[in-house]
Amino acid sequence: MLKKVLIANRGEIAVRVIRTCRELGITTVAVYSELDRDALHVRLADEAYALGGQTAAESYLNTEAILDIIERSGADGVHPGYGFFSENTDFARAITERGVTFIGPPPEAIEVMGDKISARHAAEAAGVSGVPGRTDVLESGDEVVAFGNEFGWPVAIKAAYGGGGRGMKVVNAPEEAAEALESAMRESTAYFGRSECYVERYLAWPRHVEMQVIADTHGNTLWLGERDCSAQRRHQKLIEESPAPDFPDEVRRAMGEASVKVAEACGYVNAGTVEFLYQNGEFFFLEMNTRLQVEHPVTELVTGLDLVEWQLRVASGEPLGFTQDEVQRNGHAFEVRINAENPAGGAFTPSPGTITRMVSPGGPGVRLDAGYESGDTVSQYYDNLVAKLCVWAPDRDAARRRMLRAISETVVEGVATTLPADVAILEHPDFVAGQHSTNWVEQTLDLSGIAAPVAPAPAGGDETPKVLRDITTEVDGRRYQVKLWVPDLGDMVVATAGKSGGASGPKRTKTAAAVGGSGTVAVPMQGTIVKVMVEVGDEVEVGQTICVLEAMKMENNVNAEKAGKVTEVKVAAGEAVGPGDVIAVIE
Ligand code: MV4
């Protein structure tokens, strides 16, 4: 068994790994950035080493610094958590060359599954089908048109080297094909460094059901059960559960066996997840995630297995201590993600800051995996997942009610959290009935009733007193009502960019514009302008895209709310903008 494990991660997942290591008598080594000097994972580990730096690139992705600490600490294994180095084969190979165990799959398996086209080929070779489509790389919009005309519209354009939904474009009609392919390739290049895309049929109301697998080095590969992750927004999962609601046992077994075949086909070892779209009783292979996932606890709660323990054991060369027939699934588990984001009006704006007070729920069937405690600061530089709240109960509705009870006990102050959105989901009749899909949160759930948390206006370096304003904005054609703290200038609104404290760059003070029904086009969240679609003098229609905004790793269209002539364009491609910034005026 491994003796000393370095956790190359932070936040709740680092804490999660440290906990199992402690139970198994494995010494833990934390690493930390300058901002995480006093973070919970550092406080809980047996040893901790400074990486220096603030941003992820300067700290948790600093290969040289981590390799140096592996050597200095004498760790014999590295757990990468999720994100960061978890699917980085250069890192896995670099530590393996030094005789240190990578607690994850072989690099070859990561490579096969990292590229969606080769993953699809591998799955198909193993007899597991993806959504009907073409696996070759698209050269032009005409090929998209030809596919759509043959198989029907809409179609989906996907990034071959992507994942997590970035770069997928839904194309409803032939005339949208060229622009959509261009946008998909641009996003793909921005996030994955490669532009290759392919096309397949678009499923209109699917559920996201994924299957947990685990494999040892002795040829045993087992499926442990599925998770339904359909309650998500912009590819950020909000709530996950196991078992999937209204999911027949024969489909479960077929999906489990298909997942084992996919894992075996790529020589998989360790814990992994095979993702499927599920619609009308059929499932289609999407991709395989070659890491431990955020939502792994729901599988732990229904199977009684500790997935981190089995990751450590199989990485140490132990065989799995159970057979497929011995894997039992009992009851129902939910997980809600508590992110430091403000869901008011459905906007989910990042809400970093210091957690001034945090009270954990308790009682029967409740588990909280937190990366923070009262007094800790959620930095804008990292993932804003504060904690995962999980519950178990004998059946789905008991678990759902237990989750609502646990949420009602939970207190997080100082930062806004996604909890009000989680409650809205858990109480909605569609979700209660298990009738939601991957599109449901964005297309059906109405979050306009969620108010901004009652909190003082953020203290800024600004002398101007601030006032809370309702602002209407549109993202991808969807209307959002957001509340913004803006300097009080009487009847006029001046939008400012950046965070309070002036930490995020130069102040952008815009000309005033009247609130409500005006032709000012404002951006809903912090981001970077990728492309400006209009010029001064252009006539635009309601809903026409004014600019493409990249925010939180997604491209969003910012659209006109009224028709008219563009009289001002205030931004250019490459510029950073903040929530409420006026980008154009239409008269
Ligand atoms: C799809 C789809 C519908 N049809 N493919 C988005 C993430 C990426 N991994 C695959 N995704 C989708 N692919 C076809 N042909 C709908 C989605 C999808 C989705 C999938 C899983 C989880 C959440 C999702 C949210 C929106 C769309």
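Residues numbered from 1 in each chain as written. Predicted model: local features only at pLDDT ≥ 70, side-chain atom pairs only at ≥ 80, totals over all residues. Heavy atoms only, no water.

**Quick look at helix H4 (residues 89-97)**
Next up, step 1: Within H4, burial applies to Thr 89, Phe 91, Ala 92, Ala 94 and Ile 95.
Next up, step 2: Those residues of H4 that are buried lie in contact with helix H3 (63-73), strand E4 (77-79), strand E5 (101-102) and helix H5 (107-114).
Next up, step 3: Measuring from the backbone nitrogen of Asp 90 back to the side-chain oxygen at the start of H4 gives 3.0 Å, which picks out Asn 88 as the cap.
Next up, step 4: A positive backbone phi angle near 80 degrees is found at Gly 99, which sits one or two residues after H4. (Buried < 20%, exposed > 50% of the residue type's maximum accessible area, 1.4 Å probe, protein only. Helix = DSSP H or I, 4+ residues; strand = E, 2+ residues; numbered from the N terminus. Contact = heavy atoms within 4.5 Å. Polar contact = N/O pair within 3.5 Å; in protein donor to acceptor, adjacent residues only side chain to side chain.)

**Structural notes on the site of the ligand**
Next up, step 1: Of all residues adjacent to the ligand, which total 15 residues, the nearest are Lys 158, Glu 200, Arg 201, Leu 203 and His 208.
Next up, step 2: Between a nitrogen atom of the ligand and a side-chain N or O atom of Glu 200, the distance comes to 2.9 Å.
Next up, step 3: In isolation the ligand has 520 Å² of accessible area, and contact with the protein removes 93% of it.
Next up, step 4: Listed by contribution, the elements that provide at least two residues to the shell around the ligand are strand E8 (197-201) and strand E13 (282-289).
Next up, step 5: Its residues placed into classes, the shell around the ligand shows six nonpolar, five polar and four charged.
Next up, step 6: The residue makeup of the shell around the ligand includes at least three contributed by each of domain 2 (132-201) and domain 3 (207-443). (Near = heavy atom within 4 Å. Areas by Shrake-Rupley, 256 points an atom, 1.4 Å probe, with all protein chains shown as cover. Nonpolar A, V, L, I, M, F, W, Y, C, P; charged D, E, K, R; others polar. Domains from an automatic or database assignment.)

**A short note on helix H10 (residues 296-303)**
Next up, step 1: Counting buried positions along H10 gives seven out of eight residues, so the element sits mostly inside the fold.
Next up, step 2: Those residues of H10 lying buried are His 296, Pro 297, Val 298, Thr 299, Glu 300, Val 302 and Thr 303.

**As for the domain arrangement of the protein chain**
Next up, step 1: Split by domain assignment, the protein chain resolves into domain 1 (4-103), domain 2 (132-201), domain 3 (207-443) and domain 4 (520-586).
Next up, step 2: Each of domain 1 and domain 4 was reduced to a C-alpha centroid, and the two centroids are 41 Å apart.

**What about the packing of aromatic side chains?**
Next up, step 1: Using the criterion set out here, one finds ten aromatic pairs in the structure.
Next up, step 2: Considering the side-chain rings of Trp 310 and Phe 322, the 5.2 Å spacing of their centres and the 85 degrees angle between planes classify their relative orientation as edge-to-face. Taken together, the residues Trp 310 in helix H11 (residues 307-315) and Phe 322 in the loop between H11 and strand E14 (332-339) connect sequence positions twelve residues apart.
Next up, step 3: Accessibility expressed as a relative area gives 13% for Phe 322, which makes it buried.
Next up, step 4: Put simply, the rings of Tyr 60, Phe 84 and Tyr 382 pair up and form one aromatic cluster.
Next up, step 5: Here Arg 313 stacks its cationic end above the ring of Trp 310, 5.7 Å away from the centre of that ring.
Next up, step 6: The ring of Phe 431 has Arg 396 sitting right over it, with the charged end atom 4.9 Å from the ring centre. (Phe/Tyr/Trp six-rings, centres within 6.5 Å; stacked < 30°, edge-to-face > 60°. Lys NZ or Arg CZ within 6 Å of the ring centre and 35° of its normal.)

**Describing the side chain of Lys 158**
Next up, step 1: By the element assignment, Lys 158 lies in strand E6 (residues 155-159).
Next up, step 2: On the accessibility criterion, Lys 158 (12% relative accessible area) is buried.
Next up, step 3: Of note is the side chain of Lys 158, whose polar atom sits 2.7 Å from the side chain of Glu 200.

**Overview of empty space enclosed by the protein**
Next up, step 1: All told, the structure shown has five cavities of 30 Å³ or more when counted by the stated rule.
Next up, step 2: Estimated volume of the second largest cavity: approximately 50 Å³.
Next up, step 3: Arg 233, Arg 234, Ala 347, Thr 349, Val 475, Tyr 480, Pro 524 and Met 525 are the residues that line the second largest cavity.
Next up, step 4: Class assignment for the residues of the lining of the second largest cavity results in five nonpolar, one polar and two charged. (1 Å grid on protein atoms, 1.4 Å probe; cavity = no way out; pocket = protein on both sides within 12 Å on 5 of 7 lines; lining within 4 Å. Points joined across faces, edges and corners; volume = space filled by probe spheres on them.)

**Focus: the sheet that holds E4**
Next up, step 1: Strand order in the open sheet formed by five strands is E3-E2-E1-E4-E5, and the pairing between neighbours is parallel. Edge strands, defined here as strands with exactly one partner in the open sheet, are strand E3 (47-50) and E5.
Next up, step 2: Pairing of E4 with E5 involves two bridges; the strand directions are parallel. In the strand pairing of E5, Val 78 is matched with Phe 102.
Next up, step 3: Relative to the sheet, helix H1 (residues 11-24) contacts strand E1 (4-7), strand E2 (27-32) and E4, its axis offset from that of E1 by approximately 170 degrees. (Pairing = 2+ DSSP bridges. Axes fitted to C-alpha atoms, helices over the stretch in contact; angles between N-to-C directions.)

**Things to note about the sheet that holds E14**
Next up, step 1: Taken together, the eight strands give an open sheet; going across it, the order is E13-E12-E9-E10-E11-E14-E21-E19, and neighbouring strands pair in antiparallel fashion. At either margin of the open sheet sits one strand with a lone partner, and together these are E13 and strand E19 (366-370). Averaged over neighbouring strand pairs, the angle between their axes works out to 25 degrees when direction is ignored.
Next up, step 2: Relative to strand E21 (residues 385-393), E19 is paired through five bridges, and the arrangement is antiparallel. Residue pairing across strands places Val 366 opposite Val 391, the latter belonging to E21.
Next up, step 3: Strand contacts of helix H12 (residues 396-409): strand E11 (236-242), E14, E19 and E21, with the helix running at about 140 degrees to E21, the strand carrying the most contacts.

**Regarding the nonpolar core**
Next up, step 1: Counting 37 residues, the largest nonpolar core has Ile 239, Val 336, Val 386 and Ile 425 as the members making the most contacts within it.
Next up, step 2: Elements supplying a minimum of two residues to this core: E11, E14, E19, E21, H12, helix H13 (419-427) and helix H15 (440-443).
Next up, step 3: The element best represented in this core is H12, accounting for six residues.
Next up, step 4: Among all residues touching Ile 425, those that are not within four sequence positions of it are Ala 231, Leu 238, Ile 239, Phe 431, Trp 440, Val 441 and Leu 445.
Next up, step 5: Within the second largest apolar cluster, 29 residues are counted, among which are Leu 222, Val 294, Leu 305 and Leu 385. (Core = buried A, V, L, I, M, F, W, Y, C linked by side-chain atoms within 4.5 Å.)

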